[in-house]
Amino acid sequence: MKNFGSVLRTLTKGIALCFLLQVVDSQALPTPRPASPTPAYSYDNGQVYGPWKGGKDLGSVSFPLSETVSNDVKDLFIMGLKLLHAFEYPEARSAFQQARQQHQGDEFIMGLWGELMCNYQILWFSREFDIADHLLTLLTQARENHTGTLNISERVLLDGATKLFSNENNSRLKQPFETGSNVQLFAQYLNDQLSQNEPLEAEVEIFSHLARLATRQSVLDYDLERGVIGNLSRLLAKPELANHPGLHHYLVHASESPRLSKELQTDAYDSALWLQQLSSDTKNTSSVHLTHMPTHFYFASGDWLNVHTINLLAWNKSLQRATDLAMDDSSLAFHEHLWRLYGLLQAGRYEDAWTDGQNLYERIQTLSDKGVSDEKTRVMRTYYAFEQAYLKFELPNGNSHLAELTTQTLSSNLMSPWGKIAYYFTQAWDALDVGNDQRFTKAKSDLNALQTDITIELSPMEEGAIPVMIKQLEAQYQRTQGNLDEAIRLAISAEQPYRTMRWDHGVPLVVKPLLEYIGELYMEKAEAAPTYSPGIVNSRSIKKPTTVTIVNHNLDSKAMTYFQDELNEFFPRRRKSLEGLLSAAKQAGNKATYDKTASVIATLDQTLSYPPPAPDSGFISTASIFITAALLFLASVM
């Protein structure tokens, strides 16, 4: 039975991805579309639009309303709630707005609450306080004018939202993990109400656990995450909540570190599979983000084929969504495009990755040549800055595309700080490659200036990454000057900040992961070990001088440790770290590590095996598991 379960799990992955690849052939970016008439919004892709496909197949959510509303208004409210849990913020906002507009009589208070909640993208640290202030004023007036009685769960959610958007003791200026921040106030208030009142609706508890997760120091905040995972798993065990999209969504987010994805693999994988099935069987969810979401688990596991294939499906869904809703290219899922390219690089499919990157680059150039504004291409350019960086650092040495890559330049105008970090870092590194010190100094200065630019707001992770990357550039400068010992010293001085920075999970913000870089420096030092050629003389003849290489096994061991730490702590099955470990193990004569590493590298273009789902996982039927599996299997061989 154990072997059958393993086969079934592999087959499960198989059926889903075959369906996912029904749209694989539509990889090219679409032709320009007319701009949406709807106003711009702070969402990363820059638009607001109505629920695509009517919010189809987003799981099950329920919430009793005390206000007297029509069935259509209630359906719109529930749709908005599902979309809010799916992080489809533009669509959720539209659904709540429609619910308010269609409501007869006084203001629909809970519809107004939903629209307000769309202004704090809580795990993404994106806030719109100006819009929220207006909605808060309307909400206060609506509650004062309301003649009915709101139920206790409604009152708790409304008061909680007030905490989330308040400015108590400058709470808006604080990071989510800081005492007194808006997120902390929100989480604490909901938790207090859950302990003080009669049983509240599940939505209150679900939002409390999401808020708690949003207060984590980073994805390496294991104790907090274990607590959230335990609470989410407990709620998922309730039959009425087994198909709640937010519970599965947040469980994957809570488990997205390499350590927890292994430690709690059953729960995390079951939720990843539940989300994956929303796109891989006849349901075909309308949420691009939920389609993408299982790859947070697969990324933490180093399952690169799944990372690529699922994000390819999400990308193609965003193409279809843009066509169906007549939106321009700024609505496309470039986040998913980036993850898909990164997965291809790790799987060793370099030509496919290059083609993907070129499609995006050429599209940007075409739009720019046609006079399309920087505002319309800012998201595309932001993501291409990372794609360009990953292609530079992940393509093998000597790859024919590397030279072409250095000639591709874009404007950094209106890029987000996130994109500028990768852009300036790559510009500085390229300058060192060609020995242009002036250009290097300028790009490094631009990167450094992001830390003091009062016109932008850096995320906690960005604040931690920039100093690490600047120190890495200084180390690389010394390396190019032949000062390898100084390069190692500088890189190691950034090691502790790198290990303790506030990590967000996903493709690396430090585009050349630091521990891997330090490992490469130690390998270079070991390979540069001195040689000598002693002349051995005896009474009969002078033997031919023998060259002896002095190998410093201590350096090789240090290199192996750094490569292994990068793999264990941050990026499991990352190809460059594995290749570095393989080289260091060979140099050190460590056959066991060499053989083990070689076997892992050989499987980077294959899907991984996972334990079968728990037998009492009521939210997944045997039939849908079987159908999902055959799809993923066919996808993996295409």
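All of these numbers come straight from a predicted model, not from anything done at the bench.

Undergrad: Mind showing me how you'd approach the packing of helix H6 (residues 152-164) against helix H7 (residues 182-196) here?
TA: Helix-helix packing: each pair is described by the crossing angle between the helix axes and the interaxial distance. Following both chains from N to C, one finds H6 and H7 inclined at 160°, their axes separated by 8 Å at the closest point. Here H7 runs roughly antiparallel to H6, going by the angle between their axes. Between H6 and H7 lies a crossing whose hand is right-handed. Residues Arg155, Val156, Asp159, Gly160, Ala161, Lys163 and Leu164 of H6 touch H7, and the partners they reach there are Asn182, Val183, Leu185, Phe186, Tyr189, Leu190 and Gln193.

Undergrad: What's the story with helix H21 (residues 437-449) in this structure? I'm lost.
TA: Because each turn of an α-helix spans 3.6 residues, side chains separated by three or four positions end up pointing in the same direction. Taking 1.5 Å per residue as the helical rise, H21 with its 13 residues ought to reach 18 Å, and the 18 Å between its terminal C-alpha atoms agrees with that figure. By the burial criterion, the buried members of H21 are Phe440, Ala443 and Leu447. For H21, the angular spread of the buried residues around the axis is 75°, confining them to a single face. Those residues of H21 that are buried lie in contact with helix H20 (417-433) and helix H22 (460-480).

Undergrad: Any chance you could explain the pattern of salt bridges here in plain terms?
TA: Side chains that differ in charge, positive against negative, can pair when their charged atoms come close. Scanning all chains against the criterion turns up 37 salt bridges. Linking Arg575 and Glu579 is a salt bridge whose minimum nitrogen-to-oxygen distance equals 3.9 Å. Taken as a pair, Arg575 and Glu579 lie in helix H27 (residues 575-588) at a separation of four residues, close to a single helical turn. Overall, Arg575 belongs to the buried group, its relative accessible area being 12%. Classification of Glu579 as partly exposed rests on a relative accessible area of 30%.

Undergrad: Help me out: how do you make sense of the environment of Ile206 in this one?
TA: With respect to the helices, strands and loops of the structure, Ile206 is situated in helix H8 (residues 202-214). Considering only alpha carbons, one finds Ile206 and His244, 38 residues apart in sequence, at a separation of 9.8 Å. Non-local contacts of Ile206, meaning those with residues more than four positions away in its chain, are made with His85, Leu235, His244, Leu247 and Tyr250.

Undergrad: Explain the packing of helix H2 (residues 71-85) against H8 to me, please; I cannot follow it from the model alone.
TA: Where H2 meets H8, the axes come as close as 13 Å, and the angle between the chain directions of the two elements is 20°. With respect to each other, H2 and H8 are oriented roughly parallel. Classified by chirality, the crossing of H8 by H2 is left-handed. Note on element contacts: H8 touches H2 through Glu203, Ile206 and Phe207, opposite Leu81, Leu84 and His85. Classifying every residue of the contact of H2 with H8 by side-chain character gives four nonpolar, one polar and one charged.

Here is what the cut-offs are and how they apply
Residues numbered from 1 in each chain as written. Predicted model: local features only at pLDDT ≥ 70, side-chain atom pairs only at ≥ 80, totals over all residues. Heavy atoms only, no water. Axes fitted to C-alpha atoms, helices over the stretch in contact; angles between N-to-C directions. Helix = DSSP H or I, 4+ residues; strand = E, 2+ residues; numbered from the N terminus. Parallel < 35°, antiparallel > 145°, perpendicular 65-115°, else oblique. Left-handed = near helix turned anticlockwise from the far one by under 90°. Contact = heavy atoms within 4.5 Å. Expected span 1.5 Å × (residues − 1). Buried < 20%, exposed > 50% of the residue type's maximum accessible area, 1.4 Å probe, protein only. Arc of directions from axis to C-beta. Salt bridge = Lys/Arg side-chain N within 4 Å of Asp/Glu carboxyl O. Nonpolar A, V, L, I, M, F, W, Y, C, P; charged D, E, K, R; others polar.

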